[in-house]
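An overview of the molecular structure
Each chain, written out:
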Amino acid sequence: MSRSAHPAGPRHADVLPEGHYSAPPADLNALDRKVWAETVTRGEDGVVSVGGVPVTRLAEEFGTPAYVLDETDFRARARAWRTAFGPDADVFYAGKAFLSRAVVRWLHEEGLNLDVCSGGELATALSAGMPAERIAFHGNNKSVEEIRRAVEAGVGRIVLDSFQEIVRVAHLAQELGKRQKVQIRITVGVEAHTHEFIATAHEDQKFGIPLAGGQAAEAVRRALQLDGLELIGIHSHIGSQIFDMSGFEVAAHRVVGLLRDIRDEHGVELPEIDLGGGLGIAYTSGDDPREPHEIAKALTEIVTRECEAARLRTPRISVEPGRAIVGPTAFTLYEVGTVKPLAGLRTYVSVDGGMSDNIRTALYDAEYSVALVSRASDAEPMLARVVGKHCESGDIVVKDAFLPADMAPGDLIAVPATGAYCRSMASNYNHVLRPPVVAVRDGAGRVIVRRETEEDLLRLDVG
Ligand SMILES: Cc1ncc(COP(=O)(O)O)c(C=O)c1O
Ligand SMILES: N[C@@H](CCCC[NH3+])C(=O)O
C-alpha cells in the first residue's frame, strides 16, 4: 500500500477555514486530550489504542466502520453524574443519545434511571431489565398505544407535553384502573445558546406547554382535577449541547416560580422538578464542558435559593443528561478508501461510512476532529475534508481538519466524541449498512450492537 505524499495536494489551503481548525496543530500525532478520552493513547509503534486494545486489532476483528465505545469510561461518567447529584436527586440517562440493551444494564448497575421517548426505547429498556418505576416516558406526540404500554408497564413518570395528552393519559390510566405519576413539561421562554434545531425552550417550537400567557398554570389546573393523574412535578428542558449555565438558572427560577404559584392557588407543593439534559461536550479543542459536580452544585444551589425565597420545601431534583454521559465515550473508526487532492483547495479523504453513521455535520453544521490512528506520520499537515461514500455532496463527516499529507488508502482514521446521536440517528441511506457498536473493556472488544447485514435490509422488503 502506498504511503507516498500527494504532490498535487495543498499542504495548507490558500484560504484557511474559520473556526477551531484555522491553523494546523503543532504535532499531528498528539491526541488532543480535550476530545479524546484518557483511555485512548498512541503507542510507540504509532498505533492508537483504547483501553489497551489497538485500533488495528479492532478493525481486523470487527471491520470498519465501527463505533468503538469504552465501557469503563461510560460507567465512570454515569457514576460521576450519580455521585455528583447524590441520593436526594435522580439522574435519568436520555436514551435518545444512544440506547442498547447492554447500555441499559450498565445504567441499571450504576444506579441511574432512564428517559425514553418512544415505544421502541421503552421496549429496549424493559427488555434489558430496567425497572419500570425508574423510567420516564417523554415525547410531544406519544401514541395512544405507547401511552397504554407505558401505563401498563408501570413507568415511574410520564412527562405530559400538551393539553390533549393530559386528558389522554388520564383516561387511559383510569381505564386501566391506575393513577399515573406525571410531570408537565413547560417551556420557560429561554433562548439556549446552541444550534437553533436543538434549542427547545424558546417560544416558537413544538415542545412543552408555554409558561407565557398562563398556559402552564392552566395545564396544572386541569391535571390536578383528573383522577387518573398524580401530578408529581414540573419539567423543563431548554436544549442540547449547551455550555452556558445561565439558561438553566433562568429555567430553574421560572420553574420554581410556577411551583410557588401552584402552592398559592391550590395549596399543593409539588415534590419534584426536572431540569432536563443538554450539557455540552467537547467536539473540538475550542469547547469547554462543565464537570457533573459543577453542574450539580450550580443547579442545586439555585433551586434551593429560589425555594427559600419562595418559602417552598426544596423539591427533589432530577436531570436527564444524554450526550454528556455517552458522547465522549466512543469514536468512529473508519478506513480510508480514496485520497483526492484538489489543488488550491483541500484534500478530500473518503471513508467507508459517512452521513449514514453521522448525520450531525450535515444536519447541524457540527464540528468534529479526526486523527490518523493506524500509524504515526511525520508528513506535513494538509487541510482535509473527511467525506463519506454516499451520493450526496453534503456527505461530510469532518468539514475542516488537518491530516498528514501522506494519507493513503488503507489508513485508519477515527473521529472522537461520536457516542451521542450518531448510532441513534444512523440511517440506511443508499442501503448502506449501519455499523456495529463495539464495547471495549478489560483489554478486549465485544459487539453490543451488531453490524447490519444485507439480509437485515431485505427482511423488510415485501414482494
Ligand atoms: C426531554 C429531553 N431530556 C433530555 C435530553 C438529552 O439531552 P442531551 O443529550 O443534550 O443531554 C433531551 C434531548 O435534547 C430531551 O429532549
Ligand atoms: N440529536 C441532537 C440533539 C437533540 C437532542 C434531543 N432533544 C444532536 O445530535 O445534537
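In this text, all values refer to a predicted model and were calculated from it rather than measured experimentally.

Taking strand neighbours across the sheet as the criterion, the three strands line up as β1-β2-β3 in an open arrangement whose pairing is antiparallel. Of all strands in the sheet, those bounded by a partner on one side alone are β1 (40-42) and β3 (53-54). One ladder, built from two bridges, connects strand β2 (residues 48-50) with β3; its direction is antiparallel. Pairing of Val50 across the sheet is with Val53, part of β3.

As a matter of local geometry, ligand 1 sits amid 17 residues, with Ala94, Ser240, Gly277, Gly322 and Arg323 nearest to it. Of the residues belonging to the shell around ligand 1, the class tally is six nonpolar, seven polar and four charged.

Attention shifts here to the nonpolar core. Most often, soluble globular proteins keep nonpolar side chains buried together rather than apart. Counting residues in hydrophobic clusters, the biggest one holds 133 residues, and the most contacted among them are Val68, Val169, Ile184, Val386, Ile413, Ala414 and Val438. In contact with Val386, other than residues within four places in its own chain, are Val349, Val351, Val370, Val397, Val398, Ala401 and Ile413.

With that settled, consider helix α7 (residues 215-225). Every buried residue of α7 is accounted for by Ala216, Ala219, Val220 and Ala223. Projected down its long axis, α7 shows its buried positions confined to an angular sector of 100°, all on one face. Every exposed residue of α7 that faces more than 90 degrees away from the buried side is listed here: Glu218 and Gln225. The secondary structure elements touched by the buried residues of α7 are β8 (157-160), α6 (163-175), β9 (180-187), β10 (209-210), β11 (229-235) and α8 (246-266).

Mapped onto this numbering, the UniProt entry annotates "domain: Orn/DAP/Arg decarboxylase 2 C-terminal" (unreviewed entry) at residues 331-419. The span residues 331-419 is 6% helical and 46% strand by assignment, and the distance between its end C-alpha atoms comes to 7 Å.

Bringing the domain arrangement of the protein into the picture now. Split into domains, the protein comes out as domain 1 (40-70 + 328-459) and domain 2 (138-321). The interface is formed by eight residues belonging to domain 1 together with seven residues belonging to domain 2. When its residues are assigned to classes, the side of domain 1 that touches domain 2 shows six nonpolar, one polar and one charged.

Here we come to the pairing of strand β15 (residues 346-351). The buried count for β15 comes to five of six residues, which makes it a mostly enclosed element. Pairing of strand β14 (residues 330-342) with β15, which is carried by six bridges, proceeds in the antiparallel orientation. By the bridge assignment, Val339 is partnered in β15 with Val349. Adjacent in sequence and paired antiparallel, β14 and β15 are bridged by three residues, among which Gly344 carries a positive phi angle near 80°. Pairing geometry for β15 and strand β17 (residues 381-387), over four bridges, is parallel. Bridge pairing links Ser350 to Val387 in β17.

The next point concerns the confidence of the model for the protein. For the protein, per-residue confidence averages 93 on the pLDDT scale, and residues scoring 70 or more make up 93% of the total. Counted against residues more than four places away or in other chains, residues 1-14, with its pLDDT under 50, gives 36 contacts. Interface confidence for the predicted complex, given as ipTM, is 0.99, next to a pTM of 0.94.

Attention now moves to unusual backbone geometry. Note the cis peptide between Thr64 and Pro65, where omega equals -10°. Phi angles above zero are rare outside glycine, and Gln241 is one such case at about 55°. Mapping Gln241 onto the fold places it in the loop between β11 and α8. By C-beta crowding, Gln241 is classed as buried, having 25 other C-beta atoms within 10 Å. Positioned with a positive phi, Asn430 is a non-glycine residue whose angle comes to about 60°. Relative to the helices and strands, Asn430 is located in the loop between β19 (412-416) and β20 (437-441). Its 14 C-beta neighbours within 10 Å are what place Asn430 among the partly exposed residues.

Cut-offs and rules
Residues numbered from 1 in each chain as written. Chains lettered and ligands numbered in written order. Predicted model: local features only at pLDDT ≥ 70, side-chain atom pairs only at ≥ 80, totals over all residues. Pairing = 2+ DSSP bridges. Helix = DSSP H or I, 4+ residues; strand = E, 2+ residues; numbered from the N terminus. Near = placed C-beta within 6 Å. Nonpolar A, V, L, I, M, F, W, Y, C, P; charged D, E, K, R; others polar. Core = buried A, V, L, I, M, F, W, Y, C linked by C-beta atoms within 7 Å. Buried ≥ 20, exposed ≤ 12 C-beta atoms within 10 Å, placed from the backbone. Contact = placed C-beta atoms within 7 Å. Arc of directions from axis to C-beta. UniProt positions renumbered as here; feature names shortened; annotations may be inferred. Domains from an automatic or database assignment. pLDDT = per-residue confidence, 0-100.

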